[in-house]
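Letter by letter, the chains look like this.
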Amino acid sequence: MSITEPPVFGSASTATTNDQTRRTNLSLILSLVHHRGTLTRAELARATGLNRSTVATLTSQLSDLELLYETAPGTSTNVGRPSPRVHANPSTAALAINPEIDAITIGLVGLGGKVIKRIRYETQHVPSSQEVANIAAAVIEGMRSELDTSYRIVGIGIAVPGLVRADDGVVTYAPHLSWNDEPIAEMVARATGYPVWASNDASLGAGGEIIFGAGQGAMDLVYLNGGASGVGGGVISNGSLRTGVDGYAGELGHTLVNSEGVLCHCGAIGCLETEVSRQRLLDVVGLDGGDSEELEAALAASTDPAVLAEIERQLDFLAITLRNAVNVFNPQKIVLGGFLATLFALAPDRLTGIVLTEALDGPAQGVTITRAQLGSDLLMIGAAELAFSGVLADPAGLPLRRMAQL
């Protein structure tokens, strides 16, 4: 199976027009329930414009495919017969991988976007691409019994802190990981036996937040993620992720914030990544590592003036990038994830005040700055969407799991 294109299960070459329509409608129903959560048949009918009998047939077919399930209607004040509730079936699931300089996180995400399991495997050094493939494969093998008996895995998505070529999942440049032209999707596919897709972590985070999190309902959004490997960004314009020609768009971590700053690994002076850093925050509170929740707790509890000064210093530089993003993209929302969400939570008025004061009046009036809602699950959910894309596009072609035969 291809490791680059979303999987298309089955062929439509001989399909009749009616079958094509049915497949399209199945995709529409499944995507709505997956992205919006539990809906009644009546709500699905209103959202799609299909009549209730057609919706009932489609949800029944998706239940047979083990992608949805229905429960009895809840209480309703509407006139008429109560409508059954339709849920995504999390037994159809995807695996997600996020390599960082100090850990590899592997997740299991059910249809509907719920993280079922998340395992953070800490490393003693920056992992090579082959080590990521080997460690991920070992962790997944340790889950094999559970996966084989309880889930149907449709594939693996990888969220990489670096530039990832869209058409083949090759990491062309991930400086913090010291990766150059690494075919990570192919390597993980070979190590695990699953189809695999890879993309930039911040772009996947942007997609995850606009579907499931703080960006819901926003057509124009800028997302910035701060992790151990630096700062990345994703831009959604008019409802579509801006990828650029080769999938590299959104590298807001390399915008200029200090013309008298230090040399960045990219070769420029004073990039955002050189001034706004998770490691600097860890150092100032005396932590060796840990996830965003641990760092936020330590920063929030500290009364050390040096900690407050570092928080304010980083917020001031972050504000420069956000001001530029407001002026260039005119977003409805700016969503901050990872340690950037932590910085924002510690002094939201400071960051918002600087951005709104220094940005152009027009775009500044329409923007809201907020922290990501999905927290540490965000990149797992975003990466899983890569693997779910083929199922959502053509659910009728997905082979049955047949649990009774396992």
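For the structure itself, look to the data block above.
Residues numbered from 1 in each chain as written. Predicted model: local features only at pLDDT ≥ 70, side-chain atom pairs only at ≥ 80, totals over all residues. Heavy atoms only, no water.

1. Description of the nonpolar core
Ranked by size, the top nonpolar core spans 49 residues in total, and within it Leu30, Leu44, Leu62, Leu67, Leu221, Tyr223 and Phe388 carry the most contacts. Here this core gets ten residues from one element, more than from any other, and that element is helix H15 (residues 378-393). Excluding its chain neighbours within four sequence positions, the residues that come into contact with Leu30 are Leu62, Leu67, Leu68, Leu111, Val391, Leu392 and Pro395. Membership of the second largest hydrophobic core comes to 35 residues, among which are Leu224, Val257, Val307 and Ile320. (Core = buried A, V, L, I, M, F, W, Y, C linked by side-chain atoms within 4.5 Å. Buried < 20%, exposed > 50% of the residue type's maximum accessible area, 1.4 Å probe, protein only. Helix = DSSP H or I, 4+ residues; strand = E, 2+ residues; numbered from the N terminus. Contact = heavy atoms within 4.5 Å.)

2. Focus: the sheet that holds strand E8 (residues 163-164)
Sheet architecture is open: three strands sit in the order E8-E9-E10, paired in antiparallel fashion. Every other strand in the sheet has two partners, leaving E8 and strand E10 (179-182) as the edge strands with one partner each. Where strand E9 (residues 171-174) meets E10, three bridges bridge the pair, whose relative direction is antiparallel. When the bridges of E10 are listed, Ala174 appears paired with Trp179. (Pairing = 2+ DSSP bridges.)

3. Section: the side chain of Asn225
The topology assignment puts Asn225 in strand E12 (residues 221-227). Only 3.0 Å separates the side chain of Asn225 from the side chain of Tyr223, close enough to count as a polar contact. Setting aside residues up to four positions removed in sequence, Asn225 forms contacts with Asp201, Ala202, Gly230, Val231, Gly232, Gly337, Gly338, Leu340 and Leu379. (Polar contact = N/O pair within 3.5 Å; in protein donor to acceptor, adjacent residues only side chain to side chain.)

4. Details of H15
Structural remark: α-helix, 3.6 residues per turn; residues separated by three or four positions point the same way. With 16 residues, H15 extends 22 Å from end C-alpha to end C-alpha; this agrees with the ideal 22 Å at 1.5 Å per step. With 13 of its 16 residues buried, H15 lies for the most part within the structure. (Expected span 1.5 Å × (residues − 1).)

5. Some details on the sheet that holds strand E2 (residues 68-71)
Strand order in the open sheet formed by three strands is E1-E3-E2, with antiparallel pairing between adjacent strands. Both outer strands of the open sheet, strand E1 (39-40) and E2, are each paired with one neighbouring strand and no more. Where E1 meets strand E3 (residues 85-88), two bridges bridge the pair, whose relative direction is antiparallel. Across the sheet, residue Thr40 finds its bridge partner in E3, namely Arg85. Running at roughly 120° to E2, helix H3 (residues 52-64) makes contact with E2 and E3 of the sheet. (Axes fitted to C-alpha atoms, helices over the stretch in contact; angles between N-to-C directions.)

6. Some thoughts on the pairing of E12
With respect to burial, E12 is a largely interior element, seven of its seven residues being buried. Side chains Leu221, Tyr223, Asn225 and Gly227 project from E12 onto one buried face, and the interleaved Val222, Leu224 and Gly226 project onto a second face that is buried too. Bridge analysis of E12 against strand E13 (residues 230-237) gives seven bridges, and the strand direction is antiparallel. Counterpart to Tyr223 in the pairing with E13 is Gly234. Between the antiparallel neighbours E12 and E13 lie two residues. With six bridges joining them, E12 and strand E15 (residues 333-338) adopt parallel strand pairing. When the sheet's bridge partners are listed, Asn225 is paired in E15 with Gly337.

Interpretation in functional terms is not warranted from these geometric data alone.
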